[in-house]
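Fold and contact review
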Amino acid sequence: MKELIDKLAETQSLTKDEIVLLLDNRTALLSEYLFEKSREVREKYYGKDVYIRGLIEFTNYCKNDCFYCGIRKSNKNTCRYRLTPEEIIECCQMGYDLGFRTFVLQGGEDSEYSDMKIIELIWLIKEKYSDCALTLSVGERTYETYAAFLGAGADRYLLRHETANPTHYHRLHPPKMSCEERKKNLHNLKKLGFQTGAGFMVGSPWQTTEYIAEDLLFLKDLQPEMVGIGPFLPHHDTPFAKMEKGSLELTLFLLGMLRLLLPKVLLPATTALGSIAPDGRERGLLAGANVVMPNLSPKSVREKYLLYDDKLSTGEEAAESKDALEAKIKSIGYNIVMSRGDALR
Ligand code: SAH
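Residues numbered from 1 in each chain as written. Predicted model: local features only at pLDDT ≥ 70, side-chain atom pairs only at ≥ 80, totals over all residues. Heavy atoms only, no water.

A complete count under the given rule lists nine aromatic pairs for this structure. Geometrically, the ring pair formed by Phe 103 and Tyr 129 is edge-to-face, given 5.8 Å between the ring centres and 70 degrees between the ring planes. Placement of Phe 103 in strand S3 (residues 102-107) and of Tyr 129 in the loop between helix H5 (115-128) and strand S4 (133-137) is noted, with a sequence separation of 26 residues between them. The pair Phe 103 / Tyr 129 is uniform in exposure class, with both members buried. Above the face of the Tyr 96 ring, Arg 101 is positioned so that its terminal group lies 3.5 Å from the ring centre. Its guanidinium or amino end placed over the ring of Trp 206, Arg 171 lies 4.3 Å from that ring's centre, counting from NZ or CZ. (Phe/Tyr/Trp six-rings, centres within 6.5 Å; stacked < 30°, edge-to-face > 60°. Helix = DSSP H or I, 4+ residues; strand = E, 2+ residues; numbered from the N terminus. Buried < 20%, exposed > 50% of the residue type's maximum accessible area, 1.4 Å probe, protein only. Lys NZ or Arg CZ within 6 Å of the ring centre and 35° of its normal.)

Right, dumping it as structure tokens:
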């Protein structure tokens, strides 16, 4: 199996069969071999730097009904909230004062936040914080809307593809959502010139190794600047409440593989990874990740953006604990960098 890792490192590619073979035969020893290579590549491009982004979860209203997600429309037990532009600016200011130079606006697909309202929000933030990068993660919109977001000054867009396999996609989403549409949106974002982020959940219900191989090949083809992956974690008020959670170890292995497949990619050690194990975030960084996204949302709403049970929002996950995060990252030999942290092209 080591030959497959060598091949991946040398050619930045593997066939579908090779990916499946490698994943199905992974061992603790093989993981260590992979992480040595992935760390080497990460350090070649990014040194010991870890970029940090301030994540603002600005609305948990959502018109979609994804079966895995705690803020899905059908979940009547979610206490819904929506931050006003003024409250969002307060979050940015708090982040700016802490040194953050990237803000990520993430939310459910909230019809109240129309295209125009988002555009006004972009204007507002970019006018006040012109030295900061602004990332949007507000779901599926038309090509024209994405173009308008870009024109208004947004720099980056995160839209996980969730799974590249259409059959699997339909088992995770209601019939009106489509895998083709999701992929088309990602291609639109790339075409427009957004720094684009895709990604998927590891261990989502009915995921197979073959589907994961398809995810990796889809990402290789799309060439996103960012890839977000994290373990699937069940939420008690969703149809997937009783499903098994994803594996920490497989998530780490995939972070290592992604670093070799897309050497310059921005790869976050996600909240889900930090939530599944106390040292998940650090282990993600040691497997090839190079981004952390602490939470900048107002404390009063943090527990309401509950995508899955036991989602971390305190400790080093909270933006105001930046010093604690910095110390933890230092302890594994890396350094927080407070710049915009753009992708290397
Ligand atoms: N509405 C935006 C943001 C979605 S929330 C959008 O459509 O892009 C961000 C990500 O959280 C999702 O893309 C999904 O991959 C992840 N997520 C949602 N529910 C989850 C769960 N139960 N376990 C792990 N990750 C989950």
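What the three strands build is an open sheet, ordered S8-S1-S9; its pairing is parallel. Only two strands of the sheet have a single partner each, and these edge strands are strand S8 (291-292) and strand S9 (335-337). In this sheet, S9 lies alongside strand S1 (residues 49-52) in parallel orientation, the contact comprising three bridges. Each residue of the ladder has a partner; that of Val 50, found in S9, is Ile 336. The strands that helix H14 (residues 322-331) touches are S1, S8 and S9; relative to S9, the one it contacts most, it runs at about 135 degrees. (Pairing = 2+ DSSP bridges. Contact = heavy atoms within 4.5 Å. Axes fitted to C-alpha atoms, helices over the stretch in contact; angles between N-to-C directions.)

The next subject is unusual backbone geometry. Phi at Gln 12 takes a positive value of approximately 55 degrees, unusual for a residue other than glycine. Positionally, Gln 12 belongs in the loop between helix H1 (2-11) and helix H2 (16-24). Positive phi is not limited to glycine here, since Gln 223 has a value of about 55 degrees. Topologically, Gln 223 is positioned in the loop between helix H9 (209-222) and strand S7 (226-231).

Time to look at the environment of Leu 172. Within the secondary structure layout, Leu 172 lies in helix H7 (residues 166-172). Residues Leu 172 and Pro 205 lie 33 residues apart in sequence; the distance between their C-alpha atoms is 7.7 Å. Excluding its chain neighbours within four sequence positions, the residues that come into contact with Leu 172 are Cys 66, Phe 67, Tyr 68, Thr 163, Ser 204, Pro 205 and Phe 240.

The next subject is the site of the ligand. The ligand sits among 17 residues. The nearest are Tyr 68, Gly 107, Arg 160, Glu 162 and Leu 233. Within the backbone of Gly 107, an N or O atom sits 2.9 Å from a nitrogen atom of the ligand. Residue Glu 162 places a side-chain N or O atom 2.5 Å away from an oxygen atom belonging to the ligand. For the ligand, the protein covers 92% of the area, taking 560 Å² as the surface of the free molecule. (Near = heavy atom within 4 Å. Polar contact = N/O pair within 3.5 Å; in protein donor to acceptor, adjacent residues only side chain to side chain. Areas by Shrake-Rupley, 256 points an atom, 1.4 Å probe, with all protein chains shown as cover.)

A word on helix H4 (residues 85-98). Between the first and last C-alpha of H4 there are 20 Å, a value that for 14 residues agrees with the 20 Å anticipated at 1.5 Å per step. The complete set of buried residues in H4 reads Ile 88, Ile 89, Cys 91, Cys 92 and Gly 95. For H4, the angular spread of the buried residues around the axis is 155 degrees, confining them to a single face. Pointing more than 90 degrees away from the buried face of H4 are the exposed residues Glu 86, Glu 90 and Asp 97. Those residues of H4 that are buried lie in contact with strand S2 (54-59), S3 and H5. Gly 99 occupies a position one or two residues after H4 and carries a positive phi of about 110 degrees. (Expected span 1.5 Å × (residues − 1). Arc of directions from axis to C-beta.)

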